[in-house]
Structure formats: structure tokens, C-alpha cells
Amino acid sequence: MSIPAAALVAIVIAHQAAAAQAAATSPDVSAIESKIHAEDSIIGRAIATRDFATVQKYWSPSLVVNGPANKIVNRNQVVESMHNGGLNYTSLKGKTEFFTVTNGVAIDMGHDEVVTADGPMAGKHLVRRSTNIFQRSGDDWVLIARQATYVGFDGAILAGTVTSPFTPPSPAPDDAAIHTQIEANGRAVGNAIATNDFAALEKLWSPAMVVNSPGNNILTRDQVFAAMREDKLKYSSAKAVPEAFYTVRDLAIEMGHDDIVMANGPMAGKPISRRFTNVWQKNGDQWLQIARQATYVGIDGGAVYGHPDPTLDPISLAAPTFPQNTAVTGSPEDIKAIEALVHSNPSDHVTEDVSFTNIFGTVRFGRDEFIQRHKETGQTFFKGATSTSSITKLRFVRPDVAVVDISGELSGFQKVYPGLPVGKDGVLRNKLLLVLIKEDGTWWITEFHNVAQTPEV
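The rules we used
- Each residue is numbered by its place in its chain's sequence as written, counting from 1.
- With the structure being a predicted model, the display of local features is reserved for residues of pLDDT at least 70 and the display and counting of side-chain atom pairs for 80 or more, all residues being used for whole-chain, interface and lining totals.
- Note that water and hydrogens are dropped before the side-chain values are worked out from all heavy atoms of the structure.
- Within this scheme, the nonpolar core is defined by two criteria: the residues are buried Ala, Val, Leu, Ile, Met, Phe, Trp, Tyr or Cys, and they are joined through side-chain atoms within 4.5 Å.
- Burial here depends on accessible area, computed with a 1.4 Å probe over protein chains only, as a share of the maximum for the residue type. Under 20% is buried, over 50% is exposed, and the range in between is partly exposed.
- Secondary structure counts use DSSP, requiring at least four H or I residues in a row for a helix and at least two E residues in a row for a strand, with both numbered from the N terminus.
- The contact criterion used throughout is that any non-hydrogen atoms of two residues lie within 4.5 Å.
- By definition, two strands form a pair when at least two bridges between them are found by DSSP.
- Orientation is described by axes fitted as lines to C-alpha atoms, over the contacting stretch for helices, and by angles from 0 to 180 degrees between their N-to-C directions.
- Aromatic pairing here means that ring centres of Phe, Tyr or Trp (its six-membered ring) are within 6.5 Å. Orientation follows from the plane angle: under 30 degrees is stacked, over 60 is edge-to-face, and everything else is tilted.
- Comment: the charge-over-ring label is applied if NZ (Lys) or CZ (Arg) is within 6 Å of the ring centre and within 35 degrees of the ring normal.
- Polar contact criterion, stated in full: a pair of N or O atoms within 3.5 Å, where within protein one must be able to donate a hydrogen and the other to accept it, and residues adjacent in sequence count only if both atoms are side-chain atoms.
- Without a salt bridge and with relative accessible area above 30%, a residue can belong to a patch; like charges are then joined within 9 Å and nonpolar side chains (Val, Leu, Ile, Met, Phe, Trp, Tyr) within 5 Å.
- To be clear on the numbers: accessible area is Shrake-Rupley with a 1.4 Å probe, and residue cover counts the displayed protein chains and nothing else.
- Every case where a carboxyl oxygen of Asp or Glu lies within 4 Å of a side-chain nitrogen of Lys or Arg is listed as a salt bridge.
- We treat Lys and Arg as the positive residues and Asp and Glu as the negative residues; His and chain ends play no part in the count.
- Charge placement uses NZ in Lys and CZ in Arg. For Asp and Glu, CG and CD serve respectively.
- pLDDT is a per-residue confidence score from the predictor, ranging from 0 to 100.

### Let's talk about the nonpolar core
Thinking step 1. Formed by 22 residues in total, the largest nonpolar core has its most connected members in I32, I36, W59, F99 and A106.
Thinking step 2. Mapped onto this core, the elements with two or more residues apiece are α2 (29-49), α3 (52-58), β1 (59-66), α4 (75-83), β3 (89-102) and β6 (140-150).
Thinking step 3. With six residues, the top contributor of residues to this core is α2.
Thinking step 4. Apart from the residues within four sequence positions on either side, I36 is in contact with F99, A106, F134 and W141.

### Focus: the sheet that holds β6
The strands that make up a sheet pair up through hydrogen bonds in the backbone, lying either parallel or antiparallel.
Thinking step 1. With mixed pairing, the six strands of this open sheet are ordered in space as β2-β1-β6-β5-β4-β3. Edge positions in the open sheet fall to β2 (72-74) and β3, since each of these has one partner strand only. Strand-to-strand, the axes of this sheet are offset by a mean angle of 20°, without reference to chain direction.
Thinking step 2. In the sheet, β3 pairs with strand β4 (residues 105-116) via twelve bridges, with the strands oriented antiparallel. When the bridges of β4 are listed, F99 appears paired with D108.
Thinking step 3. Along the sheet, α2 makes contact with β1, β3, β4, β5 (125-137) and β6, crossing β3 at roughly 160°.

### Looking at the sheet that holds strand β16 (residues 401-411)
Thinking step 1. Read from one edge to the other, the open sheet built from six strands follows the order β14-β13-β18-β17-β16-β15, with strand pairing classed as mixed. Since the sheet does not close on itself, it has two edges, and those belong to β14 (363-365) and β15 (386-398), each with one partner. On average, adjacent strands in this sheet sit at an angle of 15° to one another, irrespective of strand direction.
Thinking step 2. Inspection of the sheet shows β15 paired to β16 by eleven bridges, in the antiparallel sense. Across the sheet, residue T386 finds its bridge partner in β16, namely S411.
Thinking step 3. Strands in contact with helix α10 (residues 332-342) are β15, β16, β17 (428-439) and β18 (442-452); relative to β15, the strand with the most contacts, it is inclined by about 145°.

### Things to note about the packing of aromatic side chains
Thinking step 1. The full count for this structure, using the stated rule, is six aromatic pairs.
Thinking step 2. Plain terms: the ring middles of F356 and F370 are 4.9 Å apart, the flat faces sit at 75° to each other, and that makes the pair edge-to-face. Placement of F356 in strand β13 (residues 350-357) and of F370 in helix α11 (residues 367-379) is noted, with a sequence separation of 14 residues between them. Considered together, F356 and F370 belong to a single accessibility category, that of buried residues.
Thinking step 3. Connected via pairs of aromatic rings, a cluster forms that spans F198, W205 and F225.
Thinking step 4. Above the ring of F198, the side-chain terminus of R229 is found at 4.4 Å from the ring centroid.

### Here we look at α4
Thinking step 1. Counted residue by residue, α4 has seven buried out of nine residues, so it is predominantly covered.
Thinking step 2. Those residues of α4 that fall on the buried side of the exposure criterion are R75, Q77, V78, V79, E80, S81 and M82.
Thinking step 3. For α4, the elements touching its buried residues are α2, α3, β1 and β2.
Thinking step 4. Between the side-chain oxygen of the N-cap and the backbone nitrogen of N76 there are 3.2 Å, and the N-cap of α4 in question is N74.
Thinking step 5. Taken from the residues just after α4, G85 is the one with a positive phi, measuring 95°.

### Details of a negative patch on the surface
Thinking step 1. On the surface, D353, E439, D440 and E447 cluster together into a negatively charged patch.
Thinking step 2. Locating D353 in the fold gives a position in strand β13.
Thinking step 3. On the basis of relative accessibility, which here comes to 57%, the residue D353 falls in the exposed class.

### Looking at the environment of V350
Thinking step 1. Considering the arrangement of structural elements, one finds V350 in strand β13.
Thinking step 2. With residues near it in sequence (within four places) discarded, V350 still touches R367, F370, W444 and I445.

### Topic: unusual backbone geometry
Thinking step 1. Notably, N70 is not glycine yet its phi reads approximately 65°, a positive angle.
Thinking step 2. Among the secondary structure elements, N70 is positioned in the loop between β1 and β2.
Thinking step 3. Residue classification places N70 among the buried positions, given a relative accessible area of 15%.

### Section: the side chain of R50
Thinking step 1. Looking at the secondary structure, you find R50 in the loop between α2 and α3.
Thinking step 2. Here the side chain of R50 touches G86 through a polar contact of 3.0 Å, landing on its backbone oxygen.

### Description of the pairing of β4
Thinking step 1. With twelve of twelve residues buried, β4 lies mostly within the body of the structure.
Thinking step 2. What sits between β3 and β4 in their antiparallel hairpin is a turn of two residues, with N103 showing a positive phi close to 50°.
Thinking step 3. Two elements, β4 and β5, share eleven bridges in a ladder whose sense is antiparallel. In the strand pairing of β5, H111 is matched with R129.

### Details of the environment of L394
Thinking step 1. Assignment of secondary structure puts L394 in strand β15.
Thinking step 2. With relative accessibility at 27%, the residue L394 sits in the partly exposed group.
Thinking step 3. When sequence neighbours within four positions are dropped, the list of residues in contact with L394 reads I335, I338, A402, V403 and V404.

### Quick notes on the confidence of the model for the protein
Thinking step 1. Across the protein, the average pLDDT comes to 84, with 86% of residues at 70 or higher.
Thinking step 2. Per-element mean pLDDT across the protein ranges from 35 in helix α1 (residues 19-22) up to 97 in strand β12 (residues 286-296).
Thinking step 3. Scored below 50 in pLDDT, residues 1-27 shows 55 contacts in the model against residues more than four places distant or in partner chains.
Thinking step 4. Below pLDDT 50 for its whole length, residues 314-326 participates in 20 contacts with residues either more than four positions away or in separate chains.

### A closer look at the pattern of salt bridges
Thinking step 1. By the definition in use, this model includes 14 salt bridges.
Thinking step 2. Note that D400 and R398 form a salt bridge whose closest N and O atoms lie 3.2 Å from each other.
Thinking step 3. Salt bridges sharing partners connect three or more residues here, namely D112, R128 and R146.

Spelled out as C-alpha cells, the structure:
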């Protein structure tokens, strides 16, 4: 199957790690994170080009995925989906919000911003919460478990590219006993949460445990305790429905979904479901939980807990996007209007919430600030000056959004403000970047960035 250039996957990693979180990691965590993110880029290209050999190198034979279509699949089924045209994206940006290494296990949590290339949601911006679990294999780190669940959207609509039945990795001889122990631990966790028994939870949850939470944010164990004290984990009923269990060396991983009814909050009394993945690690004779993801299906969990997911724009879920390779051109009327705007007083064309950086590097916000600052400069050191400008590039990002690059010259001013790079010919040259938006047929400046051009450069 040939893949167009537009479908090549772009993986962008954004790193956020608080000092308290980093304290629980090993000294070489930064090197491990860099290694894994480099491998992620390789995998992204392999998915886009259907390079199955490379994908299988970095995905453990034991890999199980709690997938975006709300189904659990193994590595072979993911590869089967790729063969059948699945995993075909216009863009995919994976953003890390938390990364840690716990006793030889790397945990990468965050979210993906996705535009699918085909299917019922093609061209629409979607967000999904993600958790990736890695183990070292020689010089590489292989993916052994993953959950990716859409926020505010029931991914079941995307099902259909996998036809074979799910089979978990081959069980080890002691898997049955481990499974029994983990099930008992799970019941104990449920009882402890219901009774706010923090002492019991401290025996079941590792101090390094991290949760990709139903509220669409990353929580440490202590932050989960704080949420319990605020009654955010109170349920009228809660039932965990396991769908897969397997072990990989010293890890036990269980996946499935929870059917719950919350006792308070905006969704109180309503039955809701969330996909979950629990990761347990053996510590001596005990099994401690080190990671969990739980993401609601079909609703924005951030809204449920009073802090909507900042990555999720409900409008964008229904609105088509404009892929980077799609050419957008403005009408002759739009081009003429923008040219007139550039050669007029900018104070007449700025939005109420305009953001602007002046030639001295000072950043201000708002129309009133913009007008006042330009009035001051026009009446002081730029008084009587002559200004000329020309558009060097005009690009329409969307029919109602344009980016304008401008070259300008200022001469004839009475005095030079200290630090301004005026040329030997007495001309101050500048580069101006405008971001324009069109509202009710009129173009407005919403971003204004002015930079003085150094003559020597």
C-alpha cells in the first residue's frame, strides 16, 4: 500500500517534568528518555511507510494495546490493522507530560493530537490520552504495553481494521497465582478508596506510582490522596471489567474498562465507562502498582472534575482542519484589503486582545495599550519621521487567517533612541510579522511582532 507524503507521521515530543517527579527516577533518566523518544520518531516513520520489520523491532512480541477503538489488541493485530489500512494519519503529535524510570521500567504519559487520513473522522482534530510502558532489551527499549483513549469521543466508531480474535501473550507457569494476587490487590485498592484508608493504599501503591487520570492530567500518589480528601473519588457504584491480563518479567499488566456511577459532581448518578490499564511491579514478595491510566469513553473527563482538558477544543472536533500540504489562497478582494491595512495606521485595525512586541522587545497586550504606546513613540523620538513598508510575503493559513511578513524603513527622525541599530545612512530598518484574522468581512491584526534589523547582519 502506498502512502502519500501528507500521511507521513510527525511526532513532536514536549517534555514537562517537575522536580518532585524527577526525584523518583534513576540518574540516567534523561538519557533513557532521549533514547526512547528517538525510537518513537523511527517508529512513527515506520508506521507511515508500512515498515513492519522496524515496527516489530521496537515492539515486544508481548505487546498489548488498550487501543483507541476501545478494544484490546496484541502486536500481531496492530500489524494486521496496518496491513488493512489502519494507523493512517495526516498528522500525529505525541506529547509527553510525564516521564520516569522505575526499577528498569520506563513510563511515558501524555496525550496525542491526531488527524486521521481516512475513515469517519478523517480531517478532524482529535485528542487521546496515552500511556506507554517500556522495558530494556539490549541497547534498545521495547514497548510492552500501551493505552491510547480518545477524549470526548467514542473511538469504537473507528473499529473494523482488525478481524482476528485477541489472544494475550503466552502465560508463564506462575501467571495464575500472580493473577489471583493482583485481583486481590485490586479489591483491596477499591475498598481502601471507598473508606479513605490511606495506610492500606500506601502498602499497595508504590511511592513512585503515577496516574494518567480520568481528569486528563497526570497525578502522583500524593496527588491522588489529595483528590480522595476532596471527595473526587466517591462512587455510588464501581465495577472493574477485566479484558486482558499478562506478565512480562517482573511486571503484571491488566487492561479493561470500569463501569461507574459517581456520587457527586456534574455526572453524579449517570452511568459512565472508562478504559483502564494497571501496571504492577514485583517488589520482593509484594506486587506494587506503579502506573495506571483511566480515561472516560465519550466524555471529557476534565470537565467532569472541573478542569476541562486544555488540549481539547470541542469546536475543533467537529470542524475540518487544513493539512499543511493544502494550499489556501485569498481572494483578490482579501489581498487588496490586506495591502491597504499594511499601509495604514495599524492602531485602526487591532483586535481588543491583540498581542504585540515592539521594536525594543517590550511585550504588551490589548488594543488600548497598543494605541497608547504607538501614540507615545509617534510624539517623541519618532516625531516627524517618514515610514515606508512593503509586503515580502503574504500567506493564507485559512480563508480567514493570514500571516504577513513586512519589511519597513524609518528615516527623518529627530533623535535616535539608545540601542536602536540605525544604519550609516540614517535609516532604521525593521521586520514586521502580522497575524490577521477576518471577522464579518474585515481583517484585523491579532498578533504584531516588530524586530529591528541590525545593519551588520
